[in-house]
Amino acid sequence: MADQLISLYRKRLAREKGWVGKEWGGRCAVALAFPNTYRLGMSNLGFQSVYGLMNQRPDVLAERVFLPGGPEMPLYLQTGRPLLSLESQSPVGDFHLLAFSVPFENDYQNILKVLDLAKVPLAAEDRRDTHPFVMAGGVTTFLNPEPLTHFIDFFLLGEAEETLQPFLDLFVDLLRRGTARVETLMQLAAQVPSLYVPSLYHVSYAEDGRISAFIPKHATVPAKIPVGKRRTLTPPPAHSQIITAETEFGERPLVELGRGCGRSCRFCAAGYIYRPPRWHTIETLRTCIEGLLADHPELGLLAPCVNDLPEIEVLTGFILEQGGSFSASSLRADALTPTLLEHLEAAGRKTVTIAPEAGSERLRRVINKHLSRQDILNAARSIAETSDFALRLYFLIGLPTETQEDLSEMVQLVKAIKHRMIKASAPRGTLRPITLSINCFVPKPFTPFQWFGLEDVRELKKKQAWLRQAFAREGGVKATFDVPRWAYIQALLALGDRRVSRILTAVHRSEGNWKKALKESEVNPEFFVSRPKAFDEILPWDFIEHGIRKEHLLREYHLALAAEESEICEVGKCRRCGVCRASE
């Protein structure tokens, strides 16, 4: 059976293009882990980018590790074999560093599964010099790493292009010198600006459960951890390092056009923690894309809002001129031009996705969406006039100040969109269904909504039931919903402090039974999930420094309650949030 695992991994490698194999001798060996299955991990551009950055170094070898899926898990459980890396099928415990790339809170429980399968102690305090160091990075870690602190030796906070090489320079040197584990952690914390070692900080709590102090245990350890990011994106753009058909995108390489968003939507963490918004130049993107098209005729273009890229039509036109095709992630309704729609049609795209987020003008002002009802209807008409596109719309429910009237206006908006599209597509006589993806709003750190709690799960279920019934009566419209229970868990992991690690441990011991773990927990999850936070309390993530002033977030919070919009981010031209001033 053990041979079956090795055979399975070697067959998987044979179907890939671009993986790196290195000899172990004298190198720092890194097991780069994605806490979910191979298919999802290989669909993640951040994970692929880190793999490429690590393997550029001659003194480092990075091999991939995934949560076993399909036939793999039974083989591991039956044989008792420790978890293996993909490239050399080596036990994870033999590596010097086990580095997790963590983009989603709901994968936290999988980190414990990977550690257990790798036979690495779950608790950081139980590891010895013979065990690999356990590190984590990725967007969730520089939002709020605290629920994972019991399991992770250290976090690298920020964008890998900025943080990874200084860390590896020191880590490799300490490794070669045979530095003991405790001393290594001390030196990393003292010398790497964006590195956070949880065990070197003391957290105390007031009688009401709120944090009363968060202080370093040693003078050499910083009180605030700055998140690493570059003022401008340096070439080449992040793009897929390994091509395989076993991804959500097939054999379609992904290319990052830009990072961050200046629209300032108040619910969106990416719009705040990736400030300032940055774009690659058209020339840089052309060079990258031209090289990829030589072997792959179809590309995936990624950005928080693809059509906010200056000269996006020039870029998509270039791809088509080169005989290539492309898909695009999220598109902004008020920036959806006829030319871009024509390019999407020429690229063979069948679906266009836009995100109104809220049904009413009032609620869109609350979230600072900068998108009018007329903008949305004009976009729908243009989409239907251009081609027989299917339309996908993203909405949120449970937003702060939301009322039943806002839900009713969502239904009316969708009806108006459908009417416009029927009218615009009449000459063709066809109209594909409209699909709605309706998700529960989850408050996130470093946004103006971080002080709100998640709406009660029972209320979210009632809203879903009402909307489900309302849209069931509307032909040509299909509504899909997420699960409020998972929104609750995501909120717990997004907003919790290091005490939440006890709940994660209980979930792992009960083999993923969240209901049982929450019911038996001595830690009250409601304290983190549903409780509105006071403006003067210490939040679990306050030690992380993004350059965003708390005063700015509070101002945006109060503007939201007044249903007033604020200005779109203008990089370098304003000093409202503090990020541009901090980076000068």
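Just so it is clear, the structure is predicted and the values come from calculations on it, not from any experiment.

Criteria and cut-off values
Residues numbered from 1 in each chain as written. Predicted model: local features only at pLDDT ≥ 70, side-chain atom pairs only at ≥ 80, totals over all residues. Heavy atoms only, no water. Helix = DSSP H or I, 4+ residues; strand = E, 2+ residues; numbered from the N terminus. Contact = heavy atoms within 4.5 Å. 1 Å grid on protein atoms, 1.4 Å probe; cavity = no way out; pocket = protein on both sides within 12 Å on 5 of 7 lines; lining within 4 Å. Points joined across faces, edges and corners; volume = space filled by probe spheres on them. Axes fitted to C-alpha atoms, helices over the stretch in contact; angles between N-to-C directions. Parallel < 35°, antiparallel > 145°, perpendicular 65-115°, else oblique. Left-handed = near helix turned anticlockwise from the far one by under 90°. Patch = residues over 30% accessible without salt bridge, like charges linked within 9 Å, V, L, I, M, F, W, Y side chains within 5 Å. Areas by Shrake-Rupley, 256 points an atom, 1.4 Å probe, with all protein chains shown as cover. Salt bridge = Lys/Arg side-chain N within 4 Å of Asp/Glu carboxyl O. Lys, Arg positive; Asp, Glu negative; His and termini not counted. Charge placed at Lys NZ, Arg CZ, Asp CG, Glu CD. Buried < 20%, exposed > 50% of the residue type's maximum accessible area, 1.4 Å probe, protein only. Core = buried A, V, L, I, M, F, W, Y, C linked by side-chain atoms within 4.5 Å. Pairing = 2+ DSSP bridges. Polar contact = N/O pair within 3.5 Å; in protein donor to acceptor, adjacent residues only side chain to side chain. Nonpolar A, V, L, I, M, F, W, Y, C, P; charged D, E, K, R; others polar. Phe/Tyr/Trp six-rings, centres within 6.5 Å; stacked < 30°, edge-to-face > 60°. Lys NZ or Arg CZ within 6 Å of the ring centre and 35° of its normal. Expected span 1.5 Å × (residues − 1). Right-handed = clockwise from strand over helix to strand, strands pointing away.

Draft legend 1. Spotlight on the environment of Val102. With respect to the helices and strands, Val102 occurs in the loop between strand S3 (97-101) and helix H5 (108-117). Not counting residues up to four positions away in its chain, the partners in contact with Val102 are Tyr108, Ile111, Ala136, Gly137, Gly138, Val139 and Thr140.

Draft legend 2. Representation of the layout of surface pockets. Estimates place the volume of the second largest pocket at around 610 Å³. Lining of the second largest pocket is provided by 24 residues; of these, Ala124, Glu125, Thr149, Pro198 and Ser199 occupy positions nearest its centre.

Draft legend 3. Seen up close, the packing of helix H10 (residues 312-321) against helix H11 (residues 338-346). Their axes nearest at 10 Å, the elements H10 and H11 cross at an angle of 25°. By the angle between their directions, the pair H10 and H11 is classed as roughly parallel. In this structure, the crossing between H10 and H11 has a hand that is left-handed. Residues Ile312, Glu313, Thr316, Gly317 and Leu320 of H10 lie in contact with H11, whose contacting residues are Thr339, Leu340, His343 and Ala346.

Draft legend 4. The arrangement of a positive patch on the surface in detail. On the surface, a cluster of positive charge is contributed by Lys461, Arg485, Lys515 and Lys519. Taking relative accessible area as the criterion, Arg485 reaches 43% and is therefore assigned partly exposed.

Draft legend 5. Focus on the pattern of salt bridges. A complete count under the given rule lists 41 salt bridges for this structure. Arg64 is the salt-bridge partner of Glu16, the closest N and O atoms lying 2.7 Å from each other. Residue Glu16 is located in the loop between helix H1 (2-14) and strand S1 (28-34), and its partner Arg64 is located in strand S2 (residues 60-66); the two are separated by 48 residues in the primary sequence. Owing to a relative accessible area of 7%, Glu16 belongs among the buried residues under this scheme. The residue Glu459 makes a salt bridge to Lys462 at a minimum N-O spacing of 3.5 Å. Remark: Lys462 and Glu459 occur in helix H15 (residues 457-472); sequence separation between them is three residues, near one turn of the helix. On the basis of relative accessible area, Glu459 is assigned to the partly exposed category, the value being 34%. Through salt bridges that share partners, Glu159, Glu161, Glu256, Arg259 and Arg278 make up one connected network.

Draft legend 6. Geometry of the nonpolar core. In terms of nonpolar packing, the biggest core is built from 190 residues, with Phe100, Phe154, Phe167 and Ile417 touching the most fellow members. In terms of residues, this core owes the most to one element, helix H14 (residues 404-425), which gives nine residues. Excluding its chain neighbours within four sequence positions, the residues that come into contact with Phe167 are Leu97, Met135, Phe154, Leu156, Leu188, Val192 and Leu195.

Draft legend 7. Examining the sheet that holds strand S17 (residues 434-440) more closely. Read from one edge of the open sheet, four strands run S15-S16-S17-S18, paired in parallel fashion. Two strands in the sheet have a free side with no partner beyond their single neighbour: strand S15 (351-357) and strand S18 (477-481). Each strand of the sheet is rotated relative to its neighbour by a mean of 20°, with strand direction disregarded. As judged from the five bridges shared by S15 and strand S16 (residues 390-397), these two strands associate in the parallel manner. Pairing of Thr351 across the sheet is with Ala390, part of S16.

Draft legend 8. Molecular detail of unusual backbone geometry. Put simply, Pro235 and Pro236 share a cis peptide bond, and its omega is -5°. Even without being glycine, His370 reaches a positive phi, approximately 55°.

Draft legend 9. Region of interest: the side chain of Glu256. Mapped onto the elements of the fold, Glu256 is located in strand S10 (residues 254-256). With relative accessibility at 12%, the residue Glu256 sits in the buried group. Here the side chain of Glu256 touches Arg259 through a polar contact of 2.8 Å, side chain to side chain.

Draft legend 10. Examining the packing of helix H13 (residues 373-386) against H14 more closely. Contact geometry of H13 with H14 gives a least axis separation of 8 Å together with a crossing angle of 35°. At the point where H13 passes H14, the crossing takes the right-handed sense. Between H13 and H14, the residues in contact are Arg373, Gln374, Ile376, Leu377, Asn378, Ala380, Arg381, Ile383, Ala384 and Glu385 and Gln412, Leu413, Ala416, Ile417, Arg420, Met421, Ala424 and Ser425, respectively. Residues belonging to the contact of H13 with H14 are distributed by class as follows: 10 nonpolar, four polar and four charged.

Draft legend 11. Just the packing of aromatic side chains, in detail. Overall, the coordinates contain 21 aromatic pairs when judged by the stated rule. Ring geometry for Phe154 and Phe167: centres 5.5 Å apart, planes at 55°, overall tilted. With Phe154 in strand S5 (residues 154-156) and Phe167 in helix H6 (residues 160-176), the pair connects residues that are 13 residues apart, well separated along the chain. Just as Phe154 is buried, Phe167 falls in that class too. We note Arg181 situated over the ring of Phe133; from NZ or CZ to the ring centre the distance is 4.3 Å. Between Arg275 and the ring centre of Tyr272, over which it is positioned, the NZ or CZ distance is 4.3 Å.

Draft legend 12. Looking closely at the sheet that holds S1. If you walk across this open sheet you meet the six strands as S2-S1-S3-S4-S5-S6, and the pairing is mixed. The sheet terminates laterally at S2 and strand S6 (195-196), the two strands that pair on one side only. As defined by bridge partners, strand S4 (residues 133-137) adjoins S5 across two bridges and the pair is classed as parallel. In the strand pairing of S5, Ala136 is matched with Phe155. Sitting on the sheet, helix H3 (residues 45-55) is in contact with S1, S2 and S3, with an inclination near 155° to S2.

Draft legend 13. Structural detail: the environment of Gly80. One can find Gly80 in the loop between helix H4 (72-79) and S3. Its relative accessible area of 37% is what places Gly80 among the partly exposed residues. In the structure, Gly80 is positioned 39 residues away from Lys119 in sequence and 9.9 Å away in space, judged by C-alpha atoms.

Draft legend 14. Structural view of helix H9 (residues 282-293). The terminal C-alpha atoms of H9 lie 16 Å apart, and with 12 residues this matches the ideal 16 Å at 1.5 Å per residue to within 8%. Where H9 is buried, its residues touch S10, strand S13 (298-302) and H10.

Draft legend 15. Examining the pairing of S17 more closely. Taking burial as the measure, the seven residues of S17 include six buried ones, the bulk of the element. Alignment of S17 against S18, held across five bridges, turns out to be parallel. Paired with Ile438 across the strands is Phe481, a residue of S18. Handedness of the crossover joining S17 and S18 through H15 is recorded here as right-handed.

Any functional reading would require information beyond the geometric quantities listed.
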